[in-house]
Structures are given as C-alpha cells and as structure tokens.
Amino acid sequence: MSGHRWYVDVRAVFALFGSTLFAGKRPIWFGDPDLPITPTYIDDFATTMITLADEPDAWGEVWHVPSSEPTTARRFAELAGRGPLRAMPATAAKALGLLSTVARHGNQILHQFEQPFIVDSARFAARFGGTATDLREGVAATLRWHQRNPRRSLLPS
C-alpha cells in the first residue's frame, strides 16, 4: 500500500481535518485540539497489517500499530505548516451531523477527540520489533503525497 490516505474508519475525520490540512487550508478540529493524540503513519499501519497477516498465531489478538510519539492536533497542524486550527466544540460536530453525512459518520468516533487518545504499541514491538516512522517524517511524506494527488475537501473552507 503506497497511498498516504487515512484508514477507512477515519475517513470522516480526514474530510474535516486532513483534506483541508493537506490542501494548504486552515484545518478544522472538532474537540479539544490540545489533548494528546497518537497519529499513525499509513505506511506503518500497512506494514503492521502485513506483519500480522503473515503470523496466523497473532490473528484474533489485539495489536496496536507502532505510531509516532503522542502530540496534539494543534502541534500536528503546526508541523504541517498549516496552523492555526479552527477548533470547534464537539457539540458543533453533532449539530453538523444533522446536515452532513460525512459529519454524521465522524460523530461515531468523536469520543476519540474528547479525551486523550494514546496508543501503546509496546506489545507489538516486543513480539515483532520495528519502530514507528518519526512524526515529522510521516507528516512531510504525507504532504508530498497530497501535493502530487490533490483532493477537494468535503466541507467548505
């Protein structure tokens, strides 16, 4: 998998945050942009899935993808050179869900943006080794991919 797109389950989050961020626009963030989050670089995700697919005795277990160090949405946008964020309360996302299918789907994972979202991949690393891509490197590679593959946001800027 060589495309640098978010995993399908966070497609709505990408529409709200990622597509504007990578299109050079001011990104929207629903929830607290200063809570810690653990971004996952898509190539690390793909590598983890391939590793697990090759290990039948690991199937059915819970594994967390090796991810870069926790950061915040605000810092992520700054690393991408796209700050400041348009921070909106989670209640705004819920209201937007009445009008937008994308926002309605995003509301299903909104809890991830109302509390710290920290991923600990120590179990995976102990079993399979490997490390996550550095956050700055992952952001830079993702920006390059989006510059070569522009997409329109699903929301107005």
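Just so it is clear, the model here is predicted, and its values are computed rather than measured.

Conventions adopted
In this numbering scheme, every chain counts its residues from 1 along its sequence in written order. Note on the predicted model: pLDDT of at least 70 is required for a residue's local features to be given, and 80 or more for side-chain atom pairs to be given and counted; whole-chain, interface and lining totals, by contrast, use all residues. The basis for the side-chain values is all heavy atoms of the structure; hydrogens and waters are excluded. Definition used in this section: a nonpolar core is a set of buried Ala, Val, Leu, Ile, Met, Phe, Trp, Tyr and Cys residues joined via side-chain atoms within 4.5 Å. The buried label goes to any residue with under 20% of its type's maximum accessible area, the exposed label to any with over 50%, and the partly exposed label to all in between, with areas taken from a 1.4 Å probe on protein chains only. The contact criterion used is simple: two residues touch if any of their non-hydrogen atoms lie within 4.5 Å. Whenever Lys or Arg places a side-chain nitrogen within 4 Å of a carboxyl oxygen from Asp or Glu, that contact is recorded as a salt bridge. Only DSSP runs of H or I with at least four residues qualify as helices, and only runs of E with at least two residues qualify as strands; both kinds are numbered from the N terminus onward. The score called pLDDT rates the predictor's confidence residue by residue, from a low of 0 to a high of 100.

## Some details on the nonpolar core
- One finds W29, I37, A73, A77, L85, I109 and F113 forming the largest nonpolar core, which totals seven residues.
- Contact partners of I37, with chain neighbours within four places excluded, come to W29, P70, T71, T72, A73 and F117.

## Let's talk about the pattern of salt bridges
- With the rule as written, the count across this model stands at five salt bridges.
- One salt bridge connects E61 with R123, and the closest N-O pair in it is separated by 3.1 Å. With E61 in the loop between α2 (42–53) and β3 (71–72) and R123 in helix α6 (residues 122–128), the pair connects residues that are 62 residues apart, well separated along the chain.
- One salt bridge connects R75 with E78, and the closest N-O pair in it is separated by 3.6 Å. In this pair, R75 and E78 are both assigned in helix α3 (residues 73–79), three residues apart and thus about one turn of the helix distant.
- Given a relative accessible area of 45%, E78 falls into the partly exposed group.
- Salt bridges here are not isolated pairs; linked through shared partners, they connect E55, D57 and R127.

## What to know about the confidence of the model for the protein chain
- On average, residues of the protein chain score 78 in pLDDT, and 78% of them reach the 70 mark or higher.
- Confidence, read as mean pLDDT per element, is least for helix α1 (residues 11–22) in the protein chain (52) and greatest for α6 (95).
- Predicted confidence is poor over residues 1–13, with pLDDT under 50, and the contacts of this stretch with residues over four places away or in other chains come to 33 contacts.

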